[in-house]
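Summary of structural features
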Amino acid sequence: MIIVMRASASVKEIEHVTSRIDELGFQVHLSQGSERTIIGVIGDERPLDRAMFEVMEGVERTVSILPPYKLASREWRPEGSVITVGDTRIGGSRLAFMAGPCSVESRGQLLEIAYAVKEAGATLLRGGAFKPRSSPYTFQGLGVQGLEILAEAREATGLPIVTEVMAPDKVELVAEYADVLQIGARNMQNYPLLQAVGKTRMPVLLKRGMMSTIEELLMSAEYILAGGNYEVMLCERGIRTFETYTRNTTDINAIPALKHLSHLPVIGDPSHSTGKWPLVIPVARAMVAAGADGLIVEVHHDPEHALSDGAQSLKPERFAQMVHEARRIAEAVGRTV
Ligand code: PEP
Ligand code: MN
C-alpha cells in the first residue's frame, strides 16, 4: 500500500503514520518528494484496512498495490487449475458440458433428460433440488427426494451431479448426494455458506451474483479457498443491466477477464444470462470463443410444462446441436475436443 501525505502534512503527522505502520509489523519506505511525502507500506497489505490510515491527520489518500484476493489470483497458480469430477477434468483443454433441467421435477422427467443429455455429449448432469425462487408461491424444488432422484440418474448414466446448496446447514446433506456443489447467484455473498463449502473438499461451482463485480466474485471464491477447499469453478451467468429484453446481460468480458485474473476454471451459463432459448446457442458459441472451460445449460424435453425456467430451456436435440458447434469452436480456438 502507498500512503500519499498532503502537501501541508507536518513532520509530526508523518511520524505518526510511520510509527503506526511499524506497530502493525510492516516496514516503512519513505519517499520525500518536492511536493509530497509518499509512504510505502512493505508487506502483505491484504489484512489492512486502508480507512485506518485515511482518517489520520495529514493523509491525503491511500493506494492499494495488491489485488484483495490472493489464493484466487492467477499469480498463485500461473499454470491454471484443473478440477477433477469423476472421470471429467474441468479446466484442461477439453470443454465440460453440464446439462439438465433447471429443477428436478420427477423421477421420470430427470431420467429422460439425463439419458438425452448424455447421448448428446454432456459430461455432467445438472438439476436443482433446492431452488432459490423469487416467489414463495412457486415450485421450491423436491428437496431430499430430488437429491435421491439425482443420485439415481447418476447411477443410471454415470454422469456426475451438479446441484445447488442454499444454506450452510444443508451442505452436509447435499454433499452426500452431489459431485459438485452449486452456489447460486443469489448466494454468492452468503459468507457463512461460502465458509461451510470451504470446509468440505467437494468441487464447487460458484455463480456470479447478478449485481456483483468480477472482483467481488473473486473475493467470494477466496472465502472458499481460504477454508482449504481449492476445488472451485467460477460461473458467468449474466448480470443485471438496464436492458429488459433479455433476462440478464451476458458479460462476455468477464470470461477472459476471469481467466486473466485467476487460475480457476470458468464456466459460461448461456441459459440464465439470456433467459430465452433462441439466444442460448449463439451466446454459448460466444462463451466458448471467449475462452470458457465449459458450459452449464438448461435442457428440458418438455419446456412448456417445465416447473421453472422453461423459456430458457433447450430441447435435447438443440442441446446436441450446441455441443457439436461448441466443439468446433473450441477446436478453432486451440482446445482439443
Ligand atoms: C440455476 O442454476 O437454476 C439458478 C438458479 O441459477 P442462478 O443462481 O445463476 O440464478
Ligand atoms: Mn434455472
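Reading the values: the criteria
Residues numbered from 1 in each chain as written. Chains lettered and ligands numbered in written order. Predicted model: local features only at pLDDT ≥ 70, side-chain atom pairs only at ≥ 80, totals over all residues. Heavy atoms only, no water. Helix = DSSP H or I, 4+ residues; strand = E, 2+ residues; numbered from the N terminus. Expected span 1.5 Å × (residues − 1). Buried < 20%, exposed > 50% of the residue type's maximum accessible area, 1.4 Å probe, protein only. Near = heavy atom within 4 Å. Polar contact = N/O pair within 3.5 Å; in protein donor to acceptor, adjacent residues only side chain to side chain. Areas by Shrake-Rupley, 256 points an atom, 1.4 Å probe, with all protein chains shown as cover. 1 Å grid on protein atoms, 1.4 Å probe; cavity = no way out; pocket = protein on both sides within 12 Å on 5 of 7 lines; lining within 4 Å. Sits in = over half its atoms within 2 Å of the grid points. Nonpolar A, V, L, I, M, F, W, Y, C, P; charged D, E, K, R; others polar. Contact = heavy atoms within 4.5 Å. Domains from an automatic or database assignment. Donors = N, O, S within 2.8 Å, 3.2 Å for Na, K, Ca; no water. Points joined across faces, edges and corners; volume = space filled by probe spheres on them. Pairing = 2+ DSSP bridges. Axes fitted to C-alpha atoms, helices over the stretch in contact; angles between N-to-C directions. Parallel < 35°, antiparallel > 145°, perpendicular 65-115°, else oblique. Left-handed = near helix turned anticlockwise from the far one by under 90°.

1. Considering unusual backbone geometry
The backbone of Asp309 shows a phi angle near 55°, a positive value even though the residue is not glycine. Position of Asp309 relative to the elements: it lies in the loop between strand E14 (294-298) and helix H11 (316-332).

2. Considering H11
Taking 1.5 Å of rise per residue, 17 residues should cover 24 Å, and H11 covers 25 Å from first to last C-alpha, within 8% of that figure. Buried within H11 are the following residues: Pro316, Phe319, Met322, Val323, Glu325, Ala326 and Ala330. A positive phi of about 90° marks Gly334, the residue just after H11.

3. Comments concerning the site of ligand 1
Taken together, 13 residues lie around ligand 1, and Arg126, Lys131, Ala185, Arg186 and Arg237 are the ones closest in. Between ligand 1 and the protein, one listed contact pairs an oxygen atom with a side-chain N or O atom of Arg126 at 2.8 Å. When ligand 1 is considered free in solution it has 300 Å² of accessible area, and contact with the protein chains removes 97% of it. Its atoms largely coinciding with the cavity grid, ligand 1 occupies the largest pocket. A breakdown of the residues in the shell around ligand 1 according to their chemical character gives 3 nonpolar, 3 polar and 7 charged.

4. A closer look at the environment of Arg77
With respect to the helices, strands and loops of the structure, Arg77 is situated in the loop between strand E4 (59-63) and strand E5 (83-85). In sequence terms Arg77 and Asp179 are 102 residues apart; their C-alpha atoms lie 24 Å from each other. If we ignore the near neighbours within four places in the chain, the residues touching Arg77 are Tyr230 and His263.

5. With respect to the domain arrangement of the protein chain
Partitioning the protein chain into domains gives domain 1 (2-63) and domain 2 (83-332). Each of domain 1 and domain 2 has a C-alpha centre, and the two are 45 Å apart.

6. Concerning the coordination of the manganese ion (ligand 2)
Only Cys102 (SG), His272 (NE2), Glu298 (OE) and Asp309 (OD) from the protein coordinate the manganese ion (ligand 2), and they sit 2.0 to 2.4 Å from it. Ordering the donors of the manganese ion (ligand 2) by residue number gives the pattern C-x169-H-x25-E-x10-D. Here the residue Cys102 occupies a position in the loop between strand E7 (96-100) and helix H3 (107-120), and Glu298 occupies one in strand E14, the gap between them amounting to 196 residues. Given a relative accessible area of 4%, Cys102 falls into the buried group.

7. So, the layout of surface pockets
Its boundaries defined by the atoms lining it, the largest pocket holds a volume of some 350 Å³. Residue lining of the largest pocket: 24 residues in total, with Pro132, Arg186, Arg237, Arg247 and His272 positioned closest to the centre. Split by residue class, the lining of the largest pocket holds 5 nonpolar, 8 polar and 11 charged.

8. Some points on the sheet that holds strand E8 (residues 124-126)
The strand order E7-E8-E9-E10-E11-E12-E13-E14 describes a closed barrel built from 8 strands, whose pairing is parallel. Mean inter-strand twist for the sheet, computed between neighbouring axes without regard to direction, equals 25°. Where strand E10 (residues 180-183) meets strand E11 (residues 204-207), 3 bridges bridge the pair, whose relative direction is parallel. From the neighbouring strand, Leu181 faces E11, where its bridge partner is Val204.

9. A look at helix H7 (residues 214-226)
With 13 residues, H7 extends 18 Å from end C-alpha to end C-alpha; this agrees with the ideal 18 Å at 1.5 Å per step. Phi for Gly228, located one or two positions after H7, is positive at around 100°.

10. A word on the packing of helix H10 (residues 277-289) against H11
Where H10 meets H11, the closest approach of the two axes is 9 Å, and the angle between their N-to-C directions is 20°. It follows that H10 is roughly parallel to H11 by the angle criterion. Pair H10 / H11 crosses with right-handed handedness. The residues of H11 that touch H10, namely those facing Trp277, Ile281, Ala284, Arg285, Val288 and Ala289, are Arg318, Gln321, Met322, Glu325, Ala326, Ile329 and Ala330. Grouping the amino acids of the contact of H10 with H11 by side-chain chemistry returns 9 nonpolar, 1 polar and 3 charged.

11. Here's the deal with empty space enclosed by the protein
Scanning the model with the defined rule gives 1 cavity of 30 Å³ or more in all. For the largest cavity, the calculated volume is near 70 Å³. Arg94, Leu95, Phe97, Thr123, Arg327, Ala330, Thr336 and Val337 together form the lining of the largest cavity. Here the lining of the largest cavity is composed, by residue class, of 4 nonpolar, 2 polar and 2 charged.

12. Regarding the sheet that holds strand E2 (residues 27-32)
Across the sheet, which stays open at both edges, the 4 strands sit in the order E2-E3-E1-E4 with antiparallel pairing between neighbours. The sheet is open, and its two borders are formed by E2 and E4, each paired with just one other strand. Taken pair by pair, the neighbouring strands of this sheet meet at an average axis angle of 20°, ignoring direction. Pairing geometry for strand E1 (residues 2-5) and strand E3 (residues 37-42), over 3 bridges, is antiparallel. In the strand pairing of E3, Ile3 is matched with Ile39.

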